[in-house]
Structures are given as C-alpha cells and as structure tokens.
Amino acid sequence: MADSSMTTQQTPRAFGEVYDRGYQHYTGPRLGRAHAFRALTGYSMKRALGAKKRWTAKVVPVILYVAVALLVIIPLGIQGFIDAAEILQYWDFFSVAWLILGVFVATVAPEMLCGDRREKTLILYFSRPITRLDYLMSKLLATGLLTLTITLVPLAFFWLGRQLLADSPVRAMQDNLDDLFKIVIVSVVVSAYLGALGLVVSAFTSRKAIAVGVIVVAFLFSSALAGVLQEVFGNPDQKAWFALISPARTITEFVLGIWGQVNSDGAFGNPLETWIYGAAMIVIMLICCAIMYWRYVPED
Amino acid sequence: MSQAVLDQTAGARATTHEDAVIRTVDLTKRFGSFTALNQIDLSIPRGAIGLLGPNGAGKTTLIRILLGLAKPTSGSAEVLGFNAFSEGIQVRERVGYMPEAECLPSNATAADFVGHMAEMSGLPKTEARQRAADVLYQVGLDEERYRLIKGFSTGMKQRVKLAQAIVHDPSLVFLDEPTAGLDPPGRDSMLELVDRIYRMMGMTVVLSSHILEDIERVCDYVVIIDSGQLALAQRIGGTPAEGAQLSIQIDGNPDQFIQRLHALGIDDARQRDRMTGLPEIVIRHPSDRVYDAVRDIAVELDVPIVSMTGRTRSLEDLYLQAVGASALDADMYGGV
C-alpha cells in the first residue's frame, strides 16, 4: 500500500518535469544539392506571394489572382446560360489579361532577387551546397512556375469548363485535346519569357520599387516604341519585325499564330511566321539568362 | 553530386597531417595588382581556432576561399579532406558560415529563416523545422523565434546568424567577427556561445577576429595573418617552461637591478618599456634560482619589490613575436 501511494505521488512529477536534453547531434539524412535547389525554389515562390509576411504583402497577388479568375469564370458562366455566347477565346486570353500578367511579373520578379541583394542574404545562400548558377536557375524556375499559375492554370480551367459545358463532356475533351496541348505550350513559353524579362531587370537593382516601376514602364513603353518605329521606319514588308520589340505584341502574335488566327487590327502589317515569334521569345529569354549569369556567376 | 544520402557521422574524408581539418599549400589570392593572400601554408587541427589579424589582413578572403566561394590565384586549399574550390559543394554541405556583415532578411521570422537555411543545407523539411527550433533554443532565442527579425537587437541578430551557421550540425564552422558591433555584455555572451559550440557541440570552430582578447578567451590554436602573409600558426600557451615569464615591479633603479641579475648568470632579464608607473623587469624562463636571486639582489640594493607576477606566454606575446609591436594596434585589445 505504501509502495502504491509512493508511485501515485511520483507519477505526476515525472510527467511534469522539464529536462534539458542539451545539444543533440543531427543524425538524419542529408539530401544534398538537389534538395537545396528545390527548397530555394519553393521558399522563393512562397515569399514572392507574401507567405509568412504581413497581410499587406499578400494584397497585390490576391487581387491579381481574383482578377484572372474572374476573367475566365465570367465568360464560362455566360456560356453556361447562352450556348452560342463564346465571349472569350483561348487566343484572346493573353491580350485581354496582358495588364494582369504584366503587373504580376512586375510584382513577383523583384521579390525573387532584390530582397536577397538588398539584405545581403546572398552570401548565406552561397555558403550552402548550391552554385551561383543553381541560385539563378532556381529563381528563374520559381518565377516561371508562379507565372504559370496565372497563365496555364486559368486557361486550363477555362478549357475544362468549356468541355464540361458541352453536351458530351468526355467526347468534347477527346476532340479538343489539341487545344489543351496548345495552351500548355503557349503558357510555358510566355511564362518563361516574361519571367526572364522581369528577372533581368530585377538583377540590376536591390530596390523592389525601382524594379517594379522599370518593368511596368518597360512593358508599356516597348509597345509604344514598337508602334512609333513601325510607323516611321517600317515599309509594309518590314513592319511586322518591329512587333518583336514589344513583349505584349510578340506574345499576342505568337498566340494567334499557334491557333491559326490573324490579328484583326493589322497595325504591324502581315504577321511573321509563328515560329519566328516563338524563336524570338526563346532568344530573348536566353539573352536575359546570359545577362543574369554575367551579373551573378563570376567568381572573385 | 548524386542523391545519395551523405555519411551522417563523420561526414568527411579521412584527413591526413595529424587529422588536419584545413590544409593549404602555397595559397595565393590576388585582386589585380593587390595580393590579399601570399603563399599561405597551413595545417590546422580540430579544435577552437583563432584567425587573428588586423582589419584588411586577408582573414575574410581566406574564409571565402576555404568555403569554395573564391578561386585562389595559385596554390591549393583542402577543407575536411575536400578540395575547397573543385569540391566546394561537398565542403559547404559539411561546414557552417557566419558572415561579419548584416545578412538577414528583415521580413522573416527567425524560426522560418533558420529552418529554411537548414533545408538549404540538405535537411528534410520536418527535420529542418525541428532543428531550427532546437538550435534557436541553444543560442538563447527560444521565445523570440516567431518574431520578425527586423525587430531584433544587434545581439539577437548575431545569434540568428550563429544559429543558421550551426543548424545543420556541421563538422566545422567559420565565424567571421561574431562579436562585431556588440556591447560588452553581448560580446561576453556571444563568446560563451562560441565556446559552447566547440566544447559542448563538438564542432571545430574557426573564429576570425581582430580582437586579441576574443581569441585568447575561446581558442586553443591561433593563426595570425598580417598583410596577406602567414605570420604564425601554433597552439596558444604552450608548456610553462616554454613560455613562462616572471614580471617584477621595483621601486628603484632597474638598470642596476638587471646588471646584478646578469652578473649572476641570469641573462634573460630585461626592462619592459612602460610609459607610466614603476619600472618593470621581465625575466624569461624563471626557476627557483631566479626567485632566490631576485630576493637577494633586492636585499643587497635595498630596493623594495612592489609586485612579482608569474605568467605564461600570452597571445599578445605571440602576436608581438610574429608581427611586431608596431602592428599591435590599439583596437586589438577589444575596445567596443
């Protein structure tokens, strides 16, 4: 009986005791460079969207996501009531959503690079098992993936919605798989292109506000510049080449070309071959990568 | 490197040269015409290592080369058995680094950022979060770990920097001026932490500093660099017989006292230059015979002995021997 009461007295103290375990060595797995690359990509994406930051950092991304969601949900809703009303076509999406995409990239890209430069966090990243090139590729991937969430995701949702509104959804999906394929191709190329443009501007300043301003102004100014140049210098056969100066115009012409459509405004004359717009985007993207490489990678 | 899980225990290649963790051969680094490091030959054992030298001596450059972040102009460097430049990834998997400069994101919590740094070192997500919490507790930031770093004091930021350097349990950690900008209590507690990292956590610590006192307090081995040259690399202290000195303050004529010592065959006696106060005589390698002689001469000359202090060879002596008195800058005594 005495033993039993002792046990009941000791038990609560044993459970309530706080022990200082001292320092414990880490004995778990170490997953190396690829894991570090993934960790940096994921963390960069979350931080760019304002995760684990104050609510004010989340406002702009949320507004842009809501805007692009409305852009595809409203036409789908109308089409649900009026069969013949195809208000939005796949190839219209990028020209209609251009402002949203531009602001999104201008918001996200500076978050990827400027903060690390301004707060000198780069030295901590470079003391980890990654290379400088890994760092850049991770940031490029993070920007591209985030941009896909505002290009591929809404367009894929739009495609799915249109098929579900058909009389035979499964049949419609089978018949329109080529549209889905085109959506994926276009979204990947456009996201990588815009992401690279946004990042290359961000690589030259540590101030986010400056980077945002420069990206927005560059996107707007480039369209105006392309318009003026084709008016002043372009003969009818050469006009179309000036479209390559403007990201908005290049993307629009590329998307229209992929779906076999022609721009109705005809401002830049007869469009070039579609592959030229695609190749131009890829070349500009590679030039942006080379500039960032030159900016970040050289060793001491 | 492959996705293979790394060796969790030693995590390093077998090293030679008496288990040296760092080895450099003819290591030279030039920036244009400026030579930051000149033919440095080092073989540093495990322990608490002090990297000492005035500002601009080349300490940070040496650390950057050892981390594989800068390419040497010539020569080679090995860390934990890996070539620091060609196998920089392997080196950085196994070492930690606390830079001198401000380098923390202001808009992140300590727990979030240190956890992210653990993931960046290859730890899986769950383990990384757990390690971050443990290590922040170890550096004294248990309660504050969910606060944004921008609200932290300088001392707290230094602790976060230290936490990110050790969160992945490295074999070797480079601490670049960890007491910079700290007030005396903050400096004291940072040095205690550094000491714990070595003695309790078992990590080899390379503490870079221009403050003699910091190195002397924590380290048992010192590497002195001056103007890019290796001035000295050896254990601090040594055997009493090797470095012991007897310091005597007398209220009388020191020249006459020293002459009498020399006459008795005690040649290692000299007067120490002092700007103020009583004359001081320093005798190296004191034995019982020396103590007897000092007593007898004091009686013979009727000179009062004000103090007699025995001491082993200090870091200051080593520094003076290696670099010379002119280089012993006032700020090396740790004024903050």
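K.L.:
Looking at this model, I keep getting lost on unusual backbone geometry. Mind explaining?
P.N.:
If a residue is not glycine, its phi is most likely negative; likewise, a peptide bond is most likely trans. Residue and element names in this part refer to chain B. Within the chain, Q39 stands out as a residue other than glycine whose phi angle is a positive 50°. Following the sequence through the fold, Q39 ends up in strand β2 (residues 34-44). Despite not being glycine, L80 shows a phi value in the positive range, around 55°.

K.L.:
Teacher, can you tell me more about the pattern of salt bridges here?
P.N.:
Pairing is possible between side chains of opposite charge, provided their charged atoms come close. Residue and element names in this part refer to chain A. Enumeration over the complete set of coordinates arrives at 21 salt bridges over all chains. In this structure, D134 and R33 form a salt bridge, with 2.7 Å as the shortest nitrogen-oxygen distance. Pair noted here: D134 is in helix α7 (residues 132-164) and R33 is in helix α2 (residues 32-48), with a separation of 101 residues, a long-range link. A relative accessible area of 12% places D134 in the buried class.

K.L.:
So what exactly am I meant to see when it comes to the sheet that holds strand β1 (residues 22-31) of chain B here?
P.N.:
Pairing between sheet strands relies on hydrogen bonds along the backbone, with the strands arranged either parallel or antiparallel. Spatially, β2-β1-β4-β5 (chain B) is the arrangement adopted by the four strands of the open sheet, whose pairing is antiparallel. Where the open sheet ends on each side, the last strands, each with one partner, are β2 and β5 (82-83) of chain B.

K.L.:
Can you walk me through the sheet that holds strand β9 (residues 221-226) of chain B in this structure?
P.N.:
Residues and elements named next belong to chain B. If you walk across this open sheet you meet the six strands as β6-β7-β8-β3-β9-β10, and the pairing is mixed. The open sheet has two edge strands with one neighbour each: β6 (95-98) and β10 (229-235). Recorded for the sheet is a direction-independent mean angle of 15° between the axes of neighbouring strands. Most of the contacts of helix α6 (residues 184-199) go to strand β8 (residues 204-209), to which it runs at about 150°, and overall it touches β3 (48-52), β6, β7 (172-176) and β8.

K.L.:
Honestly, the packing of aromatic side chains in this entry has me stumped. Any pointers?
P.N.:
The geometry of an aromatic ring pair is captured by the separation of the ring centres together with the interplanar angle, meaning the angle of the planes. Residues and elements named next belong to chain A. As enumerated under the stated definition, the model contains 10 aromatic pairs over all chains in all. Centre to centre, the rings of F93 and F94 are 5.3 Å apart; their planes meet at 90°, and the pair counts as edge-to-face. For F93, a relative accessible area of 0% gives the class buried. On the basis of relative accessible area, F94 is assigned to the buried category, the value being 1%. On the basis of an interplanar angle of 35° and a centroid distance of 6.2 Å, the ring pair of F204 and W294 is categorised as tilted.

K.L.:
It is not clear to me how the side chain of S44(A) should be interpreted in this structure. Could you clarify?
P.N.:
Following the sequence through the fold, S44(A) ends up in helix α2. By relative accessible area, S44(A) is classed as buried at 5%.

K.L.:
Quick question: what am I supposed to make of the state of the cysteines here?
P.N.:
Covalently bonding the sulfur atom of one cysteine to the sulfur atom of another cysteine gives a disulfide. Residues and elements named next belong to chain A. Within the structure shown, the criterion is met by zero disulfides over all chains. Free of any disulfide, C288 has its nearest neighbouring cysteine sulfur in C289, separated by 6.9 Å. Owing to a relative accessible area of 5%, C288 belongs among the buried residues under this scheme.

Conventions we followed
- Residues numbered from 1 in each chain as written.
- Chains lettered and ligands numbered in written order.
- Predicted model: local features only at pLDDT ≥ 70, side-chain atom pairs only at ≥ 80, totals over all residues.
- Heavy atoms only, no water.
- Helix = DSSP H or I, 4+ residues; strand = E, 2+ residues; numbered from the N terminus.
- Salt bridge = Lys/Arg side-chain N within 4 Å of Asp/Glu carboxyl O.
- Buried < 20%, exposed > 50% of the residue type's maximum accessible area, 1.4 Å probe, protein only.
- Pairing = 2+ DSSP bridges.
- Axes fitted to C-alpha atoms, helices over the stretch in contact; angles between N-to-C directions.
- Contact = heavy atoms within 4.5 Å.
- Phe/Tyr/Trp six-rings, centres within 6.5 Å; stacked < 30°, edge-to-face > 60°.
- Disulfide = S-S within 2.5 Å.

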